[in-house]
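Each chain, letter by letter, is given below.
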Amino acid sequence: MPTNSLKATITGELRALRKLPGQLDESKLTRARAILMAFGGADPSVALKRLVDLAQEQSGDREIEAAMASLGWGTSRETSLDRLVEFSEIHYVDPRTVRRWSDAGIQKLALLILGKTPWTQPRARLVVVVVGDEVRVGLDLRIPPRLRMGTPSLRVGGEVVEVFSPEIERSDQDQRLRTQLETLGKTTLLPLRLRLSWSGEKIPIYEAVTRGDPDIYFNARHVFTGLAVTVSRWSPR
């Protein structure tokens, strides 16, 4: 979707949310498909947290504050007009001024949502190397700024093994986190099945990097929101 068209879509969604009665919540965001795609990977609870975080990062911008209030965040009034009146009373201006602030704030929010960071997905690379009789495994993670991501879960033969501890901290900078290759299996016990999953604000992009002798066979595939890799030996037919 071209950038201008996407900006218009997001702006339209924010204006439509402003018209809805009640506070801004997860159920409202289910109607904003582009915002869900940008922030929550179709999870409205994540999208709401991310949208609020984005607005709070612009703390002190009265136009964005007015936009969020008109959407129903941080106010007690039911209708859009009543929310504008409430915000105007707090800031000692007339509701028409707050409406102009809200219109400008919605434009700013749309540009922020459209910005590079919210649309960048985290990346998880599962490295599987066979050396001698050992199957060694490592992780290489890339996390965009201000994304909340949990601790990856890696199962080896159905058993969970620890790969990162403690949990990954949210940061204002790009993060790249890598583990050392660890021996998690033996070639005498092939086939070996690995499954990586990683939950958080965004669904990650998975990649498998494999290396071994010519008689070692790697089968990597996406399974639901995770990555599965099977290590086995070629067997003649």
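Check the entry above for the structure.
Cut-offs and rules
- Residues numbered from 1 in each chain as written.
- Predicted model: local features only at pLDDT ≥ 70, side-chain atom pairs only at ≥ 80, totals over all residues.
- Heavy atoms only, no water.
- Helix = DSSP H or I, 4+ residues; strand = E, 2+ residues; numbered from the N terminus.
- Rg over C-alpha atoms; globule rule 2.2 N^0.38 Å.
- Buried < 20%, exposed > 50% of the residue type's maximum accessible area, 1.4 Å probe, protein only.
- Pairing = 2+ DSSP bridges.
- Axes fitted to C-alpha atoms, helices over the stretch in contact; angles between N-to-C directions.
- 1 Å grid on protein atoms, 1.4 Å probe; cavity = no way out; pocket = protein on both sides within 12 Å on 5 of 7 lines; lining within 4 Å.
- Points joined across faces, edges and corners; volume = space filled by probe spheres on them.
- Nonpolar A, V, L, I, M, F, W, Y, C, P; charged D, E, K, R; others polar.
- Parallel < 35°, antiparallel > 145°, perpendicular 65-115°, else oblique.
- Contact = heavy atoms within 4.5 Å.

## Re the overall build of the protein chain
Part 1: When helices and strands are counted, the protein chain shows eight helices and ten strands.
Part 2: In terms of overall size, the protein chain is more extended than a compact globule, its C-alpha atoms giving a radius of gyration of 23 Å where 237 residues would be expected to give roughly 18 Å.
Part 3: In terms of overall dimensions, the protein chain has C-alpha extents of about 80 × 35 × 25 Å along its principal axes.
Part 4: Looking at the 237 residues of the protein chain, the share that counts as buried comes to 44%.

## Details of the sheet that holds strand β10 (residues 226-233)
Part 1: Overall, antiparallel pairing links the five strands, which are arranged β4-β3-β7-β10-β9 in an open sheet. Lying at the two open borders of the sheet, with one neighbouring strand each, are β4 (159-161) and β9 (216-223). Between one strand axis and the next, the sheet turns by 25° as a mean value, whatever way the strands run.
Part 2: Pairing between strand β7 (residues 192-197) and β10: six bridges, direction antiparallel. Bridge pairing in β10 places L194 opposite V229.

## Section: empty space enclosed by the protein
Part 1: Under the criterion given, the structure shown has one cavity of 30 Å³ or more.
Part 2: What the largest cavity holds in volume is close to 80 Å³.
Part 3: Among the secondary structure elements, those contributing two or more residues to the lining of the largest cavity are β2 (134-143) and β6 (182-186).
Part 4: Of the residues contributing to the lining of the largest cavity, the split by class is six nonpolar, three polar and two charged.

## Looking at the packing of helix α6 (residues 80-91) against helix α7 (residues 95-114)
Part 1: Between α6 and α7, the least distance of the axes is 8 Å, while the angle of their chain directions is 105°. As the angle between them shows, α6 and α7 are arranged roughly perpendicular. Residue-level contacts link L84, V85, F87, S88 and H91 of α6 to P95, V98, R99, W101 and S102 of α7.
Part 2: Among the residues forming the contact of α6 with α7, the class breakdown is six nonpolar, three polar and one charged.

## Regarding the pairing of β10
Consecutive residues of a regular strand have side chains that alternate between opposite faces of the sheet.
Part 1: With respect to burial, β10 is a largely interior element, seven of its eight residues being buried.
Part 2: Strand direction decides the pairing type here: β9 and β10, joined by eight bridges, are antiparallel. Bridge assignment links I216 to a residue of β10, and that residue is R233.

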